[in-house]
Amino acid sequence: MNAPTEAQTLAALQTAPAGAASLARPVPGAPMWLLAELTYKCPLHCVFCSNPTDYAAHMSELSTEDWLRVFREGRAMGAVQLGLSGGEPLLRDDLEVLVAEARKLGFYINLITSGIGLTEKRASALKEAGLDHIQLSFQDSTKELNDFLSSTRTFDLKNKVAAIIKSQGYPMVLNCVMHRYNLPQVGRIIEMAESMGAEFLELANTQYYGWAWHNRAALMPSHAELIEAEKIVDSHRARLAGRMKILWVSPDYYDAKVKPCMAGWGSLFMVIAPDGLALPCHSARMLPGFDFPNVTEHSIASIWRDSDAFNRYRGTSWMSETCLSCDEHPKDFGGCRCQAFLVTGSAEATDPVCPKSPDRHLIDEAIAVADAAASSSLTAQPQPLRFVAGAAKGGGMLFRTDANSRTLVDAVPGALEIATPHA
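Residues numbered from 1 in each chain as written. Predicted model: local features only at pLDDT ≥ 70, side-chain atom pairs only at ≥ 80, totals over all residues. Heavy atoms only, no water.

(A) Just the sheet that holds strand 4 (residues 133-138), in detail. Ordered in space as 7-6-5-4-3-2-1-8-9, the nine strands form an open sheet in which the pairing is mixed. Each of the sheet's edge strands pairs with one partner strand only, and the pair in question is strand 7 (245-249) and strand 9 (278-279). Bridge count for strand 1 (residues 33-37) against strand 2 (residues 81-85) is five bridges, and the pairing is parallel. The partner of Ala36 across the bridge, within strand 2, is Leu84. Sheet strands in contact with helix 7 (residues 186-195) are strand 4, strand 5 (172-178), strand 6 (200-205) and strand 7, and its direction is about 155° off that of strand 6. The strands touched by helix 10 (residues 223-239) within the sheet are strand 6 and strand 7, with strand 7 carrying the most contacts at an inclination of about 165°. (Pairing = 2+ DSSP bridges. Helix = DSSP H or I, 4+ residues; strand = E, 2+ residues; numbered from the N terminus. Contact = heavy atoms within 4.5 Å. Axes fitted to C-alpha atoms, helices over the stretch in contact; angles between N-to-C directions.)

This is the structure in structure tokens:
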């Protein structure tokens, strides 16, 4: 699954009531953006997937009628943007029905997809139903690396899907998650997007949640690699000005700057998981000590306004003195609770990417390891792309598979699948 795009998050942030999320006990406005994760099923096995690693324990899915009710309730509260995501949302046979109802309700509808399953006939049906926007993901500009990172033979198919999207008159929006393996290809990725006639390209550096957290050591680039890649992006951005907008989403580990995660907890954004769990962000499911409400048992309005899950980190009353004494907290809303939990073990901790955090050293240590790994590779003999498979094994790269998810659910050490490229 692709997380909500930085562009969408920034757009939502710009529409937030001034200061609403910075009040100690704010009165919530509307959940302006709903992300409907229609299914956790997916034909790809990406090593950076943001789906929960224990998704195999949550494979039940809301019915068509449940989803339609959620859309109606969300729209009645004032929600204006609807993301349809997963897993792979195209695996839902009722996708056209969901899109048609969302269009009647007045949503702007964005499909976030790998493209697998998007035929010309289905793209046309979705267009007729009222779909506004398709975001297509690639893993790389080369067939070898794209197919390795997803552990599927899908590069050629994705190219066909890109042509279908263009022919149907949708905005051509491509997304590529960036990391150690494909950062050296960033120029070629931009050129690929240009050749496809893309109007928008998001180069989203990996944020370490979900499967990416388990693969952090293997995926993290060095600081020097990031700087070089950004220079290349800047040169292409200048060249393509007016023809293609390139969004470079910097990794906050290296920026040492707290991101305004979801424009503030419970401020604008609500995720509905495939089984109906309502979440303040796509990664919140992993946080301990929460009883997240389910839309099959509660209304969207009561979840948004009354549930502990959406109120716990609203405003500032939960913040540490480190955050409260900082002038940035009305802008960054205290940063990311999931990142704080993963790195420090406490969701209440100051976001560890912040230079003022007492735990910043944990981030710096991870960066130092990545820098050392990059320096070591410079002295190694140049190797062909097949080296990636060995690197995956050596780095303990964990692919998103049902078997690996079940193993993580059962907490049984060993027996994790380390995928290798197809021949």
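The rest of the description comes next.
(B) Just the packing of aromatic side chains, in detail. Going through the model one piece at a time under the given rule, you end up with 15 aromatic pairs. Taking the centre distance of 5.0 Å and the plane angle of 85° together, the rings of Trp265 and Tyr313 count as edge-to-face. With Trp265 in the loop between helix 11 (252-255) and strand 8 (269-272) and Tyr313 in the loop between helix 13 (308-311) and helix 14 (321-324), this residue pair connects regions lying 48 residues apart in the sequence. Among the residues examined, Trp265 registers a relative accessible area of 11% and is labelled buried. By relative accessible area, Tyr313 is classed as buried at 3%. (Phe/Tyr/Trp six-rings, centres within 6.5 Å; stacked < 30°, edge-to-face > 60°. Buried < 20%, exposed > 50% of the residue type's maximum accessible area, 1.4 Å probe, protein only.)

(C) Structural context of the packing of helix 2 (residues 64-77) against helix 3 (residues 95-105). Following both chains from N to C, one finds helix 2 and helix 3 inclined at 20°, their axes separated by 10 Å at the closest point. On the basis of their axis angle, the class for helix 2 and helix 3 is roughly parallel. Seen from above, helix 2 lies across helix 3 with right-handed handedness. Taken together, the residues of helix 3 that come into contact with helix 2 (itself represented by Thr64, Trp67, Leu68, Phe71, Arg72 and Arg75) are Val97, Leu98, Glu101, Ala102 and Leu105. Among the residues making up the contact of helix 2 with helix 3, the classes are represented as seven nonpolar, one polar and three charged. (Parallel < 35°, antiparallel > 145°, perpendicular 65-115°, else oblique. Left-handed = near helix turned anticlockwise from the far one by under 90°. Nonpolar A, V, L, I, M, F, W, Y, C, P; charged D, E, K, R; others polar.)

(D) Highlighting the environment of Arg337. As for its placement among the helices and strands, Arg337 is situated in helix 16 (residues 337-344). A distance of 2.5 Å separates a polar atom in the side chain of Arg337 from the backbone oxygen of Ala347. Within polar-contact distance, the side chain of Arg337 engages the backbone oxygen of Ala349 at 2.6 Å. (Polar contact = N/O pair within 3.5 Å; in protein donor to acceptor, adjacent residues only side chain to side chain.)

(E) Layout of the packing of helix 3 against helix 4 (residues 120-129). Running from amino to carboxyl end, helix 3 crosses helix 4 at an angle of 25°, the nearest separation of the two axes being 8 Å. The angle between helix 3 and helix 4 falls in the class roughly parallel. Here helix 3 and helix 4 pass one another in a crossing that is right-handed. Of helix 4, the residues touching helix 3 (which contributes Leu95, Glu96, Val99, Ala100 and Arg103) are Arg122, Ala125, Leu126 and Ala129. Here the contact of helix 3 with helix 4 is composed, by residue class, of six nonpolar, no polar and three charged.

(F) Highlighting the environment of Ile367. Structurally, Ile367 can be placed in helix 17 (residues 360-378). Each C-alpha atom of the pair Ile367 and Tyr254 lies 7.8 Å from the other, and the pair is 113 residues apart in sequence. Apart from residues no more than four positions distant in its own chain, Ile367 is found in contact with Met220, Tyr253, Tyr254 and Arg360.

(G) Unusual backbone geometry, seen in detail. The linkage connecting Gly86 with the following residue, Gly87, adopts the cis geometry, with an omega of 20°. Relative to the assigned elements, Gly87 resides in the loop between strand 2 and helix 3. One non-glycine residue, Ser151, lies in the positive phi region at around 55°. Looking at the secondary structure, you find Ser151 in the loop between helix 5 (143-150) and helix 6 (155-167). The exposure class of Ser151 is buried, given its relative accessible area of 14%.

(H) View of the confidence of the model for the protein. Mean pLDDT over the protein stands at 88; residues scoring 70 or higher make up 86%. Segment residues 2-23: pLDDT under 50, and 44 contacts once partners within four positions in sequence are set aside and those in other chains are kept. A low-confidence stretch, residues 379-395 (pLDDT under 50), is modelled with 15 contacts involving residues beyond four sequence positions or located in other chains. (pLDDT = per-residue confidence, 0-100.)

(I) Spatial organisation of the nonpolar core. Ranked by size, the top nonpolar core spans 122 residues in total, and within it Phe71, Leu84 and Leu203 carry the most contacts. With sequence-adjacent residues up to four places away left out, Leu203 is seen in contact with Cys176, Met178, Val186, Ile189, Ile190, Val233, Ile246, Leu247, Trp248 and Val249. (Core = buried A, V, L, I, M, F, W, Y, C linked by side-chain atoms within 4.5 Å.)

(J) The arrangement of the pairing of strand 2 in detail. Taken across its five residues, strand 2 has five buried, putting it largely inside the fold. The side-chain alternation of strand 2 yields two buried faces, one formed by Gln81, Gly83 and Ser85 and the other by Leu82 and Leu84. As paired elements, strand 2 and strand 3 (residues 108-113) share four bridges and run parallel to each other. Note that in strand 3 the partner of Leu84 across the bridge is Leu111. For the segment spanning strand 2, helix 3 and strand 3, crossover handedness is right-handed. (Right-handed = clockwise from strand over helix to strand, strands pointing away.)

(K) Main features of helix 4. Burial in helix 4 covers these residues: Arg122, Ala123, Leu126 and Ala129. In a view along the axis of helix 4, the buried residues occupy a sector of 120°, so they form one face of it. Exposed side of helix 4, more than 90 degrees from the buried face: Glu120, Lys121 and Glu128 are the residues found there. At the C-terminal side of helix 4, Gly130 shows a positive phi close to 120°. (Arc of directions from axis to C-beta.)

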